[in-house]
Amino acid sequence: MRPGVDCTRIGLGTMPLFRLIYCSKNLISGSTEQILDEIDRLIEVAAARNKEDRITGALLFNRGRFAQVLEGPRTAVEATFSRIRLDPRHEDIVVLQAEATTQRAFEGWGMAFVGNSTRIDNVYKTVSPMPKFEPDAMSGEGILGFLMVLVKEKEEVPQVSSAQQLHQELGA
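Residues numbered from 1 in each chain as written. Predicted model: local features only at pLDDT ≥ 70, side-chain atom pairs only at ≥ 80, totals over all residues. Heavy atoms only, no water.

## Quick look at the side chain of Thr80
Position of Thr80 among the secondary structure elements: in helix 2 (residues 74–85). Within the local environment of Thr80, its side chain forms a polar contact with the backbone oxygen of Ala76, the two atoms lying 2.9 Å apart. Excluding its chain neighbours within four sequence positions, the residues that come into contact with Thr80 are Asn50, Asp53, Ile55 and Leu70. (Helix = DSSP H or I, 4+ residues; strand = E, 2+ residues; numbered from the N terminus. Polar contact = N/O pair within 3.5 Å; in protein donor to acceptor, adjacent residues only side chain to side chain. Contact = heavy atoms within 4.5 Å.)

## Overview of the pattern of salt bridges
One pass over the full model with this rule turns up 7 salt bridges. With a closest N to O distance of 3.5 Å, Glu91 and Lys25 form a salt bridge. Linking Glu91 in strand 5 (residues 90–101) with Lys25 in strand 2 (residues 13–26), this pair joins segments that are 66 residues apart in sequence. Residue classification places Glu91 among the partly exposed residues on the basis of a relative accessible area of 31%. (Salt bridge = Lys/Arg side-chain N within 4 Å of Asp/Glu carboxyl O. Buried < 20%, exposed > 50% of the residue type's maximum accessible area, 1.4 Å probe, protein only.)

## Regarding the environment of Gly145
Relative to the assigned elements, Gly145 resides in helix 4 (residues 140–155). C-alpha of Gly145 to C-alpha of Ala105: the two residues are 40 residues apart in sequence and 9.1 Å apart in space.

## Observations concerning the packing of aromatic side chains
Counting across every chain of the model gives 2 aromatic pairs. Both rings, one in Tyr22 and one in Phe81, keep their centres 5.3 Å apart while their planes meet at 55°; by these two values the pair is tilted. Note that Tyr22 is positioned in strand 2 and Phe81 in helix 2, a separation of 59 residues in sequence. Looking at Tyr22, the relative accessible area reads 3%, which means it is buried. (Phe/Tyr/Trp six-rings, centres within 6.5 Å; stacked < 30°, edge-to-face > 60°.)

Any functional reading would require information that these geometric values do not contain.
Have a look at this one:
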């Protein structure tokens, strides 16, 4: 264990936590329905695999951009990110932060999801001078704080599936 890194009990063993934050450009195309279906599949697979790998995190999707936080054992986060980098549904991947951390920001979330909405834009305006969500212009800590606010709000309202959420937010 490295000095200065607290350990958190995860699964069967005690391991230091690692957090990786990145953003990327969306390449998913098609009708609103096709995009919604693809995002729903992505989240379903990611949440199941993340649970198996003891990874928690959050994903933000706003049609044009993705931003994601992954946290868990370093080897699991790095292996997951290696797979993510090969995914043809996005490009222009920029790592904003990759470092050890002492606690999870998204405890209990295999993959919290925040979809496109005016609420995202409103919260974004409180943390950035840009009028629309531009993750490339934010730091890793900025993305983390932004997603934490949105996920906390999401926890306080009844949950719907990601497809239902996107349908509501995109007016489909």
